[in-house]
Amino acid sequence: MRIVYGVSGEGSGHAARSREVLRHLRARGHDLWVVSYGRGCRELGGEFRVFETEGLHFATADNRVSKVRTVWENLAQVPEGRRRLQALASEVFEGWRPEAALADFEPMTAHLARRYGLPLITVDNQHLLRYVGHPVPRRLAGEAALARAVVRAIIPRPDAALVTTFYFGRVRNARALLFPPILPRDVREAEPASGDHVLVYLTRGSASALARLAELRRERFVVYGAGRTGEEGNLGFRPPSREGFLSDLVSCKAVVATAGFTLLGEALHLGKPYLALPMKGPFEQELNAFLLDETGLGRNGRRLTPEVLGDFLYRLPEYRERLAAYPRSDNRALLARLEALLSGA
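Criteria and thresholds
Each chain has its residues counted from 1, running along the sequence as written. Per-residue local features of the predicted model are confined to residues with pLDDT of at least 70, and side-chain atom pairs are confined, for both listing and counting, to 80 or more; whole-chain, interface and lining totals are unaffected and use all residues. Hydrogen atoms and water are omitted, and side-chain values are computed over all heavy atoms in the structure. Put simply, a nonpolar core is a bunch of buried Ala, Val, Leu, Ile, Met, Phe, Trp, Tyr and Cys residues held in one set by side-chain atoms that sit within 4.5 Å of each other. Exposed residues in this analysis have more than 50% of their type's maximum accessible area, buried residues have under 20%, and partly exposed residues fall in between, with area computed by a 1.4 Å probe over protein chains only. A contact between two residues is defined here by any heavy atoms of the two lying within 4.5 Å. Any two rings among Phe, Tyr and Trp, with Trp reduced to its six-membered ring, count as a pair given centres within 6.5 Å; such a pair is stacked if its planes are under 30 degrees apart, edge-to-face if over 60, and tilted if neither. For helices the rule is a DSSP run of H or I covering at least 4 residues; for strands it is a run of E covering at least 2, with both sets numbered from the N terminus onward. Ring-over charges, as used throughout, are those where CZ of Arg or NZ of Lys falls within 6 Å of the ring centre and within 35 degrees of the ring normal. We treat two strands as partners when DSSP finds at least two bridges between them. Angular values range over 0 to 180 degrees, each being the angle between N-to-C directions of two axes fitted as lines to C-alpha atoms, with helices fitted over their stretch in contact. Note on terminology: angles under 35 degrees are roughly parallel, angles over 145 are roughly antiparallel, angles of 65 to 115 are roughly perpendicular, and the others are oblique. Under the convention adopted here, Pro, Cys and the residues Ala, Val, Leu, Ile, Met, Phe, Trp and Tyr are nonpolar, Asp, Glu, Lys and Arg are charged, and Gly plus all remaining residues are polar.

> Quick rundown of the nonpolar core? Include the residues and the values.
Leu88, Val92, Phe166, Leu249, Val255, Tyr274 and Leu292 are the most contacted members of the largest nonpolar core, which totals 65 residues. When sequence neighbours within four positions are dropped, the list of residues in contact with Val255 reads Val198, Leu199, Leu249, Ala267, Lys272, Pro273, Tyr274, Leu275 and Phe312.

> Any details on the packing of aromatic side chains? Residues and values, ideally.
One pass over the full model with this rule turns up six aromatic pairs. Each ring, one from Phe93 and one from Tyr116, has its centre 5.6 Å from the other, and the planes form 25°; the classification is stacked. Pair noted here: Phe93 is in helix α4 (residues 78-96) and Tyr116 is in the loop between α5 (107-115) and β7 (120-124), with a separation of 23 residues, a long-range link. Residue class for Phe93 comes out buried when judged on its relative accessible area of 4%. Owing to a relative accessible area of 30%, Tyr116 belongs among the partly exposed residues under this scheme. Both rings, one in Phe166 and one in Phe261, keep their centres 6.5 Å apart while their planes meet at 25°; by these two values the pair is stacked. With Phe166 in the loop between β8 (160-164) and β9 (176-179) and Phe261 in helix α11 (residues 261-269), this pair connects stretches of sequence that are 95 residues apart. Considered together, Phe166 and Phe261 belong to a single accessibility category, that of buried residues. Feature note: the residues Tyr201, Tyr224 and Phe245 constitute an aromatic cluster, connected by ring pairs. A cation sits over an aromatic face here: Arg228 above Phe237, 4.1 Å from the ring centre.

> Requested: an account of the sheet that holds β7, with residues and values cited.
Two strands in a sheet stick together by hydrogen bonds in their backbones, pointing the same way (parallel) or opposite ways (antiparallel). Pairing is parallel across the open sheet formed by seven strands, whose spatial order is β3-β2-β1-β6-β7-β8-β9. The two strands at the open ends of the sheet, each matched to only one other strand, are β3 (50-52) and β9. Across this sheet, the average inter-strand angle for adjacent strands is 20°, counted without regard to direction. Relative to strand β2 (residues 31-36), strand β1 (residues 2-7) is paired through five bridges, and the arrangement is parallel. Its bridge partner being in β2, Val4 is matched across the sheet by Trp33. Packing of α5 onto the sheet brings it into contact with β1, β2, β6 (100-104) and β7, and relative to β6 it is tilted by some 150°. Helix-sheet contacts for helix α15 (residues 332-343) involve β1, β6, β7, β8 and β9, and the interaxial angle to β8 is about 170°.

> Tell me about the packing of α11 against helix α12 (residues 283-295), and name the residues and values.
One way to put it is that α11 packs onto α12 with a least axis distance of 10 Å and a crossing angle of 20°. Judged by the inter-axis angle, α11 sits roughly parallel to α12. Contacts between α11 and α12 involve Phe261, Leu264 and Leu268 from the former and Glu284, Asn288 and Leu292 from the latter. Across the contact of α11 with α12, the residue classes tally to four nonpolar, one polar and one charged.

Functional significance is not addressed by these values, which are geometric in nature.
So this is what it looks like as structure tokens:
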């Protein structure tokens, strides 16, 4: 079957998740064409055929999304986005003639699938907002409504939504199915251990968070994402490295990081208690951190204070006990369901 697969290029999580699905589909003999931008092109282009398009980007500083910069930088891409949409329609949808479409929060593929009458299947975590009942703190009610509207605007109604999640709430739509997060092979095959360090992953410019960590001198923190290397007191800064990062994740006693879905899923699978520091702006990160707290698998560190950090570390045994019952996944259930859906397309 000829399958066009739209993958969001914002961050690396979408590409990492989609790579596992793409490899499975290729092994099953399907003919694939990926549509992406940004990191999606860089991380998938060496292994799969990729059509480069334009997409939404977030401008960040000090663990916060700058709404003004985000709007202006994305507006600047509108003319090129229109040209790439027309080229995508002509070259891929009309010239190659796919038989089905998959989308991981990539709008051009999803909307063109509807225009050309193709079956559309989504594989992402964003459809939790749209199809799954979940609690929302009152202060975020307006943002939650806006986020649901954005998901509907970016992805028209799919024929099926395979929702990856660590929060298994009530499904509100028969088209939606819930699965644990999709994990890469290196995580699935890892043997977790409990060392004496805390793994930290932050966006550049998170000076205030680093200052809080430095104050807790009795703890050892291994830090990624800060844009520097070397040892500074109880902070050890590491350069970007998937192999090094995974090694430190597998052997750490806990994780302190932004509330991105991919790292959350990997850490919970490995049994690592998680203190989530949601970036200010993206509602998805706020919700991830809130639901993590609700499940008792970790702590929402929306306001990182010495008290919050100390309480999280004190409660590590409690979090580990809850994590023992967390559902581990080898991706097979989701991939089997996807194959069944494609067979009926």
